[in-house]
Amino acid sequence: FYGSKMRAAGQWLLCLVCLLLDVFTFGVPPTAGGPGYMLSFDPRRADMVSLVWRNTPRNITVEFWFQLLEQHQVEHSVLSYSVYDSLRDPSYNMPDELGIIFGKEVNRLFRGSVQTRCQGAEISACKDGYGALNGWVHFAATWSPDTGTIKTYANGVKLMEVKGGGHLVSPMVSGGQLAFGQEPDLFGGSYDETQSLGGFLDEFRLWEYVRSEEQIRANYQHSVDPATPGLNIYFNFDNFGADVVRDLTGNGNDANVGKMALLANEVLYATDRSARPPTRPDYLVSTAPFRATAAIVVLAAIGARSEITLQALDLDTPTLTTEIAEMPQHGVLRDVITDAALGLGDTVQDDVAHPQSKRVVYIANAGLSGADDSFKYSVSDGGQAVIGTVKVQQRRVPQPKNMTYHTTEDRVGSVSLGGVSQDGKLLTVVIKTLPPLGQVYQIAFDNAAEFYLNIETNLTLLTPITQPDTVVNDPNGGIIFQPGLNEYAEPGRYTELWYAWRDELGQESAPAALLVHVEPVNDAPKGTPEAWTLPSRAGLTLNLTLNSTDVDPSFSRPYYRITRWPNFGRVYQVRENGTLGDEILDGDRVPTVIGWASRALNGSSQFSVCGGACYVPWLCTGCATDRWHVTQIVGPPEKYPLYGDFPEAAQFTEQDDPPYGMATEFMEVEFPDALYVSEVSLYETLKPGGVVRISLAQDYKQSSTTWATAWQGTPDPKILVREESRQFSP
């Protein structure tokens, strides 16, 4: 009996010892690998990655690694989530349903119309995008509508906490466009290139709950399992060169590279930059300082020694053993301490300062010039082993692409020719040939280093570039270009210059062209002074001809306006047959003309027969017909005075018609000539009476346009029952 009991106790003791050994020897396995690749956004282009976000969570935590490279940007938009819902009354148009923007002095996080700021004047860590202008930073933000609280973190440390109402206590609307690299001020439009992202992005995660400061701090320095509960979106950007960034969570939030996910493929700017299709950010070797299980990507020069750190991490074993598991094909490996050659199965030695991640030396041979190389290493904690992969690419100077710069006659502007190396280092720009027309200058700043707003345009203070092979002084390759006075090219290219990139080793790329297009501008005519002498006899009529000179006679004939009236006598119009016309009174214009709208610029919606309603008319594509589209408002009416539902007339989307309720809609149109407006007429052929305001503007800048109200009123109460066309001329 006694011995039997002792045997049972012995068995339990033995099991306990086994359990302890199992925990110690086979605990958390080590990890091996590197950060793989990152995305590099260039603000000179229209770089964008976007997706339709159909499953927006109620609570969120967003986090990513980023580095801001373009010093001249006013602000850097990392992400923006925009929604438009015309089924609401009034329609819901929110370009910043969620947005994160970084600047030199102020970092902003948008939740709808509510904006939270982290300012350098208040928190020193907020300067230079939390320091991202000087290196890599991990940023995280949390928000919950249940509490209306936003918190932001940099490198695992909480910097700001804001609590409020409004949009902060209401959930986000699903089904909008989540975009990286660009920030709109209207849904799908009114972009600003001064707010485009210029820098690197890696390891983007979006969670469906508010993570604590401890959770953020514990995980920001390494990758996470894509199957971790609560992950809504997870991008590591390691599918090099792919057109689609895969959501590693399996939730289907894949993103398009260089393409708009929801709208027509065109980026419309509120500034003077012309509209253009989105462009692809570049995949570069990631230098972000976090541990991951993707490949370690190394750039090597043929014949040169490249020291490589074989990254490894184990949370419960301080010292790891690393062995060569697969040999490279186009180079040799050597021990970093002894310089001895390393072969298959050899253990990598290193000093005590590197107990986990070991170092080796790789020396490439000529074979690397024709193909990439790779090798593998094994990391063991004494019980479990994992394999890491090293990819080796030849270090080359990237080839710059031919660029096109659009400007207008007599306008001095800035151009950035800079680029980055395969691992994100700034390259030197060299002007190889000068433009035959126009003049280029070294860039300078009149106040702060902001490329678009504060460049010095006093050309007497700038240094002209007069010799080929001149190195551009600006780190980002910025220059200033000035066309010749009153010179332009219509149509076609005005002039060109050639430039190259040079890396830190002195290697230089082949030249690329900067093609300069200069569009003409209608310069103001100049009146010709005239003098007439007539006898002082009452009732005498004198025919006068008003003359002017214009350097742009091809635009249109000049129109004249009386700005100062004679002290004696009266002024009259002259009919086409030369007889005396009506007296010209103060406020009249000479002559009176009629102009039809020549172009549709913008609008809130339009009816479309192509797959249903099209809510953003100036972005609708893929439709073989323009029936009922907003462009039908251009030119003289085709059906008026007939009444009916004519496809030759512009019509808003039917989703906003009864029984859904009446919505506020708008259209913006352009006229071919600058006119002194005395009357505006709108020809309505179906359910007339809905016009409530007519506004005029001299310069059109999308959402930044300064409108002057010419007329304002209320809808016709008979709008739903009136069945006759009308010419509305308030």
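As a starting point, this report considers the structure included with it. Just so we're clear, the structure is a prediction, and the values are computed from it rather than from any experiment.

With 49 residues, the main nonpolar core has F64, F180 and F204 as its most contacted residues. When neighbours within four sequence positions are excluded, F180 is seen to be in contact with F41, D47, M48, V49, L51, V78, L79, L201, F204 and F235.

Moving on to the packing of aromatic side chains. This structure, assessed with the given rule, holds 26 aromatic pairs. Between F180 and F235, the ring centres sit 6.1 Å apart and the planes meet at 70°, which makes this aromatic pair edge-to-face. Of the two residues, F180 is situated in strand β12 (residues 176–180) and F235 in strand β16 (residues 231–235); the sequence distance between them amounts to 55 residues. The exposure class assigned to F180 is buried, which follows from its relative accessible area of 1%. An aromatic cluster is defined as three or more aromatic residues linked by ring pairs; in this entry it consists of F64, F66, F102, Y130, F139, F180, F204, F235 and F237. Between the NZ or CZ atom of R211 and the centre of the ring of W207, over which it lies, the distance is 3.8 Å.

Below, the discussion takes up the side chain of Q632. Along the polypeptide, Q632 turns up in the loop between β41 (599–603) and β42 (667–670). Excluding residues that lie within four positions of it along the chain, Q632 makes contacts with D626, R627, E638, P647, E648, A649 and A650.

Tracing the chain through its elements places Q67 in strand β4 (residues 60–68). Judged by relative accessible area, Q67 falls into the buried class, the value being 15%. A distance of 3.1 Å separates polar atoms of two side chains, one belonging to Q67 and the other to W136. Ignoring sequence-local partners within four residues, the contact set of Q67 consists of A132, G135, W136, G198, G199 and F200.

Before going further, it helps to spend a moment on the environment of E183. If you trace the backbone, E183 turns up in the loop between β12 and β13 (184–186). Its relative accessible area of 3% is what places E183 among the buried residues. Considered as a pair, E183 and I101 are 82 residues apart in the sequence and their alpha carbons are 8.4 Å apart. For E183, the contacting residues outside a window of four places in its chain are S77, S80, D96, I101, S190, Y191, D192 and Q195.

The pairing of strands in a sheet comes from backbone hydrogen bonds and takes either a parallel or an antiparallel form. Strand order in the open sheet formed by three strands is β30-β34-β32, with antiparallel pairing between adjacent strands. In the strand order of this sheet, the two ends are held by β30 (413–416) and β32 (439–442), each with one partner. Taken over all neighbouring pairs, the strand axes of this sheet differ in orientation by 35° on average, direction set aside. As paired strands, β30 and strand β34 (residues 478–482) are joined by four bridges and run antiparallel to one another. Across the sheet, residue G413 finds its bridge partner in β34, namely F481.

This paragraph deals with the pairing of β4. The side chains of a regular strand alternate between both faces of the sheet. Judged by how many residues are buried, β4 sits mostly within the fold: nine of nine residues are covered. Residue alternation in β4 divides its side chains into two sets, I60, V62, F64, F66 and L68 and T61, E63, W65 and Q67, and both sets are buried. Pairing analysis gives seven bridges linking β4 to strand β9 (residues 137–144), with the strands arranged antiparallel. In the sheet register, E63 faces β9, and the bridge partner there is A140. Where β4 lies against strand β15 (residues 199–207), seven bridges are found, and the strand directions are antiparallel. What sits directly across from Q67, in β15, is F200.

The peptide bond linking Y640 to P641 adopts the cis configuration, its omega dihedral lying at 15°. Structurally, P641 can be placed in the loop between β41 and β42. Here D128, not a glycine, exhibits a phi torsion of approximately 55°, which is positive. Of note, D128 is situated in helix α2 (residues 127–130). The exposure class of D128 is partly exposed, given its relative accessible area of 24%. Of note, N486 is a non-glycine position whose phi angle comes to about 60°, a positive value.

Let's shift gears to the environment of K401. Along the chain, the position of K401 falls in the loop between β28 (385–394) and β29 (403–408). A relative accessible area of 61% places K401 in the exposed class. Taking the C-alpha atoms as reference points, K401 and A500, 99 residues apart in sequence, are found 9.7 Å from one another. Setting aside residues no more than four positions away along its own chain, K401 makes contact with Y499, A512 and A513.

This next bit is on the pattern of salt bridges. For the coordinates displayed, the defined rule picks out 28 salt bridges. For E508, the salt bridge goes to R502, with nearest N and O atoms at 2.8 Å. With relative accessibility at 32%, the residue E508 sits in the partly exposed group. Connected through shared salt-bridge partners, E307, D350, D351 and R359 make up one network.

A separate point is the sheet that holds strand β5 (residues 75–85). Across the sheet, eight strands lie side by side as β8-β7-β6-β5-β12-β3-β18-β17; this open sheet has antiparallel pairing. Pairing within the sheet leaves two strands with one partner each, and these edge strands are β8 (114–119) and β17 (244–245). Here six bridges tie strand β7 (residues 106–111) to β8, and the two strands are oriented antiparallel to one another. Its bridge partner lying in β8, R108 is registered against R117.

Reading the values: rules and limits
- Residues numbered from 1 in each chain as written.
- Predicted model: local features only at pLDDT ≥ 70, side-chain atom pairs only at ≥ 80, totals over all residues.
- Heavy atoms only, no water.
- Core = buried A, V, L, I, M, F, W, Y, C linked by side-chain atoms within 4.5 Å.
- Buried < 20%, exposed > 50% of the residue type's maximum accessible area, 1.4 Å probe, protein only.
- Contact = heavy atoms within 4.5 Å.
- Phe/Tyr/Trp six-rings, centres within 6.5 Å; stacked < 30°, edge-to-face > 60°.
- Helix = DSSP H or I, 4+ residues; strand = E, 2+ residues; numbered from the N terminus.
- Lys NZ or Arg CZ within 6 Å of the ring centre and 35° of its normal.
- Polar contact = N/O pair within 3.5 Å; in protein donor to acceptor, adjacent residues only side chain to side chain.
- Pairing = 2+ DSSP bridges.
- Axes fitted to C-alpha atoms, helices over the stretch in contact; angles between N-to-C directions.
- Salt bridge = Lys/Arg side-chain N within 4 Å of Asp/Glu carboxyl O.

Any link to function would need more than the numbers given here.
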